[in-house]
Amino acid sequence: MLNIKQLYVVILAFLYVGLATAQDKTPIYAAKVTKDGKYGLVGLNGKFIIPPQYDNIDVFNDGMAMVQKDNLYGFVNQAGQVIVAPQYEEAYNYFEGIACVKKDGKYGFINKSGELVVPCQFDKVDNFNNPLKTVQMNGKWGFADKTGNMVIPAKYDYVKNFTEGLAAVNNGGKFIGENVIQGGKWGYIDNTGKMVIPEQFEDAWTFTSDGLGIVKKQGKWGYIDKSGKMVIAAQFYACSTFNNGFASVQKEGGYGLINRAGKLLTTQPFAALGDNFYDDLMTAQFGKKWGYIDKTGKMVIQAQYDEASHFSNGLGMVKKMGRTGWIDKTGKLVIPAIYIEATPFSEKTGIAAVSVGLKPSAPPAPGAKPAPIERKWGMIDKTNNKVVDNIYDQINPEAIKGLILVVKDGQYGFIDPTGKEVIAPKYDEARDFTEDGLAAISVSDKWGYINTQGVVVIKPQFDEVSDFSFGMAPVSKNSKWGFIDKTGKLIIPAQFDQATQFINMNKSAGGNTPGTNGGDDTSGDD
């Protein structure tokens, strides 16, 4: 039975773990800034989370952010404290309390105190964000856990990641390029290292969630189940994973469609097939023309189009003789193919932007070349009713804050989805509205901001600006960047060489985070 002192220690340990976990998932709103060529992070309060001193900074993962200095990598915590000084040649972001690092050409694992808990002993490490990491030692691959324990000895020439409890392994093959192994035989092991599907295949993919693996035998591809049974014979030159019960396969003459039973549904070979069914139809290319097949494999809309897009809300966008229109699911042309260019119908507004060619108002002078046909953009609804006349140079039909950015005679303005001009085209340049309700506009090479009523709330005065996020926007004056609030007040003085928008820099908290070098990608790769 625990005494009072032991119980106190246990309670403190639980509180620490809970506090650390909560802190690791707390959003960190910050902007990446540079000063004298060095990167740092600044918070919404204008204070540095990390002063500019690094060659690069990654987002926070598991409460830690990877930093780079002089081509070496280290880590800082959410308070900006240096936990691991830059000293490693490469690094993976933290995952479940450990990070992978490389020193003197070998990889090992460190904990969140920076202690090397697994010596740098591996030649390579892959799939680090998995309970079992693929590791290479002395030219052979195996699997290690986060403590460095070799759960499955390094004895294979190549391995793939565990999926559905199985991993593909190869013996006798030669590595000739990224994820390309030549020769040898492939089989599958379980997470104890037991060979559950003997090495017999020329190539093998990881298993998918539908319980099937794609394998190659005698030069052809087929499908096996998790017991190793060949459920669809190896007979294809190429094949895809199943998507909603269907897979595309390549046989003599072209591509076809099979179901989970392996039955070939299509009765004729196609030059290409779409990636999936949309509104129960899939694009299919026969010869040089495109049409549509249904889920029985039948060509229900004959191949007659130069281009065809997938169906959405009962309409498919097609192009014929250089003009774009829309068909319904019976193949009827419900919107004539008369448009030079078109965008898909917006899911939000139900409208599409379309362009037509306007002939020159006067014939060319004797001996002169004809003037090019001028393209003008307008908008239509799904019944081909003209919502906006073709009078604009550019239109993006996606309405943000109920307004659509347009360009007319080189000037920028905004209309609503009915075509009503809300903010007349009068700006030299403009950007879409943001969720903060402001849009950046430019007049005489100076930038400011307007609201959705067209009122100038921050007068044009900046050399460059970016969009607002979390109530702040980076702005530049005299080649230096600072941050203003929505009233135009300079909250963080202009002092930086570069600055990004504010974002949530904590990947563990989810939400608005940028792409990173973490996960399965090593940050120090050439």
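Residues numbered from 1 in each chain as written. Predicted model: local features only at pLDDT ≥ 70, side-chain atom pairs only at ≥ 80, totals over all residues. Heavy atoms only, no water.

Novice: Break down the overall build of the protein for me, citing the residues and quoting the values.
Specialist: Of the regular secondary structure elements, the protein holds one helix and 54 strands. Counting the 526 residues in the protein, one finds 43% classified as buried. Put simply, 32% of the contacts in the protein that link residues at least 6 apart link residues at least 24 apart. If you sum the accessible surface of the protein, you get close to 26,000 Å²; carbon and sulfur atoms cover 51% of it. (Helix = DSSP H or I, 4+ residues; strand = E, 2+ residues; numbered from the N terminus. Buried < 20%, exposed > 50% of the residue type's maximum accessible area, 1.4 Å probe, protein only. Contact = heavy atoms within 4.5 Å. Areas by Shrake-Rupley, 256 points an atom, 1.4 Å probe, with all protein chains shown as cover.)

Novice: Tell me about the packing of aromatic side chains, residues and numbers included.
Specialist: Tallied over the full model, the rule gives 20 aromatic pairs. Each ring, one from Trp141 and one from Tyr158, has its centre 6.2 Å from the other, and the planes form 70 degrees; the classification is edge-to-face. With a gap of 17 residues between them, Trp141 in strand E14 (residues 140-144) and Tyr158 in strand E16 (residues 158-159) connect regions that are remote in the sequence. In terms of burial, Trp141 and Tyr158 fall into one category: buried. Relative to Phe175, the ring of Tyr158 has its centre 6.2 Å away and its plane inclined at 25 degrees; by these criteria the two rings are stacked. (Phe/Tyr/Trp six-rings, centres within 6.5 Å; stacked < 30°, edge-to-face > 60°.)

Novice: Break down the environment of Gly253 for me, citing the residues and quoting the values.
Specialist: Considering the arrangement of structural elements, one finds Gly253 in the loop between strand E27 (246-251) and strand E28 (254-259). Considering only alpha carbons, one finds Gly253 and Phe270, 17 residues apart in sequence, at a separation of 7.7 Å.

Novice: Give me the pattern of salt bridges: which residues, what numbers.
Specialist: Tallying each qualifying case throughout the model produces 13 salt bridges. Between Lys140 and Asp157 there is a salt bridge, with its nearest N and O atoms 2.6 Å apart. Taken together, the residues Lys140 in strand E14 and Asp157 in the loop between strand E15 (150-156) and E16 connect sequence positions 17 residues apart. The residue Lys376 makes a salt bridge to Asp393 at a minimum N-O spacing of 2.6 Å. Of this pair, Lys376 sits in strand E39 (residues 374-380) while Asp393 sits in the loop between strand E40 (386-392) and strand E41 (394-395), and the two are 17 residues apart along the sequence. Judged by its relative accessible area of 24%, Asp393 is partly exposed. (Salt bridge = Lys/Arg side-chain N within 4 Å of Asp/Glu carboxyl O.)

Novice: Residue-level account of the side chain of Asn276, with values.
Specialist: For Asn276, the position within the fold is in the loop between strand E29 (272-273) and strand E30 (282-286). A distance of 3.4 Å separates the side chain of Asn276 from the side chain of Asn243, its partner in a polar contact. With sequence-adjacent residues up to four places away left out, Asn276 is seen in contact with Asn243, Asn244, Leu281 and Met282. (Polar contact = N/O pair within 3.5 Å; in protein donor to acceptor, adjacent residues only side chain to side chain.)

Novice: How would you explain the sheet that holds strand E47 (residues 446-451) if you had to name every residue and give the values?
Specialist: With respect to topology, four strands assemble into an open sheet ordered E45-E46-E47-E48, the strand pairing being antiparallel. Only two strands of the sheet have a single neighbouring strand rather than two, namely strand E45 (429-430) and strand E48 (456-462). (Pairing = 2+ DSSP bridges.)

Novice: Quick rundown of the nonpolar core? Include the residues and the values.
Specialist: One broad trend across soluble globular proteins is that nonpolar side chains are buried collectively. Grouped together as the largest cluster of nonpolar side chains are 22 residues, with contacts concentrated most on Phe143, Tyr188 and Ile189. Sorting the residues of this core by element identifies E14, E15, E16, strand E17 (166-171), strand E20 (185-190) and strand E21 (195-201) as the ones contributing at least two each. Sort the elements by how many residues they give to this core and E17 lands first, with four residues. (Core = buried A, V, L, I, M, F, W, Y, C linked by side-chain atoms within 4.5 Å.)

Novice: Describe in detail the sheet that holds strand E34 (residues 316-320), supporting the description with residues and values.
Specialist: Overall, antiparallel pairing links the four strands, which are arranged E33-E34-E35-E36 in an open sheet. The strands lining the two open edges of the sheet, one partner per strand, are strand E33 (307-308) and strand E36 (333-339).

Novice: Before we move on, can you summarise a nonpolar patch on the surface with the specific residues and values?
Specialist: Judged by side-chain polarity, Tyr29, Leu44 and Phe470 come together as a nonpolar surface patch covering roughly 240 Å² of accessible area. Residue placement: Phe470 occurs in the loop between strand E49 (464-465) and strand E50 (473-477). For Phe470, a relative accessible area of 39% puts it in the partly exposed group. (Patch = residues over 30% accessible without salt bridge, like charges linked within 9 Å, V, L, I, M, F, W, Y side chains within 5 Å.)

Novice: Provide a residue-level description of the environment of Ile214, including the pertinent values.
Specialist: Within the secondary structure layout, Ile214 lies in strand E23 (residues 213-217). Each C-alpha atom, one on Ile214 and one on Ala204, is 5.9 Å from the other, the two residues being ten residues apart in sequence. Discounting residues that sit within four places of it in the chain, Ile214 has contacts with Tyr188, Asp203, Ala204, Trp205, Trp221, Gly222, Tyr223, Cys239, Ser240 and Thr241.

Novice: An account of the pairing of strand E25 (residues 230-236) is needed here, citing residue identities and associated values.
Specialist: Sheet topology note: the strand E24 (residues 220-224)/E25 ladder contains three bridges and is antiparallel. Bridged to Trp221 within E25 is Phe236. In sequence, E24 turns back onto E25 through a hairpin of five residues, with Gly228 there showing a positive phi of about 95 degrees.

Novice: Go over the pairing of strand E7 (residues 82-88) with me, naming the residues and quoting the values.
Specialist: In summary, the side chains of a regular strand alternate between the two faces of the sheet. Note: strand E6 (residues 72-77) against E7, three bridges, orientation antiparallel. Paired with Tyr73 across the two strands is Tyr88, which belongs to E7.

Novice: Can you explain unusual backbone geometry? Please cite residues and give values.
Specialist: The phi dihedral of Asp445 falls on the positive side, at around 65 degrees, and the residue is not glycine. The topology assignment puts Asp445 in the loop between strand E46 (438-443) and E47. Phi is positive for Phe470, which is not a glycine, with a value near 55 degrees.

Novice: Give me the lowdown on the confidence of the model for the protein, citing residues and values where you can.
Specialist: When pLDDT is averaged along the protein, the result is 90; 89% of the residues meet or exceed 70. Here residues 5-22 is a poorly scored stretch, pLDDT under 50, and it has three contacts once near neighbours within four places are set aside; other chains count. Note on residues 510-526: pLDDT under 50 across the span, and 42 contacts to partners over four residues away in sequence or across chains. (pLDDT = per-residue confidence, 0-100.)

Novice: Tell me about the state of the cysteines, and name the residues and values.
Specialist: A full pass over the atoms with the stated rule returns zero disulfides. Between Cys120, a cysteine without a disulfide, and Cys100, which holds the nearest cysteine sulfur, the sulfur-to-sulfur distance is 8.0 Å. The class for Cys120 is partly exposed, based on a relative accessible area of 23%. (Disulfide = S-S within 2.5 Å.)

Novice: I'd like a rundown of the environment of Asp190, residues and numbers included.
Specialist: Tracing the sequence through the fold places Asp190 in strand E20. Accessibility expressed as a relative area gives 18% for Asp190, which makes it buried. On a C-alpha basis, the gap between Asp190 and Ala167 in space is 6.5 Å, while along the polypeptide they are 23 residues apart. When residues no more than four places from it in sequence are discounted, the contact partners of Asp190 are Ile152, Phe162, Gly165, Leu166 and Val196.

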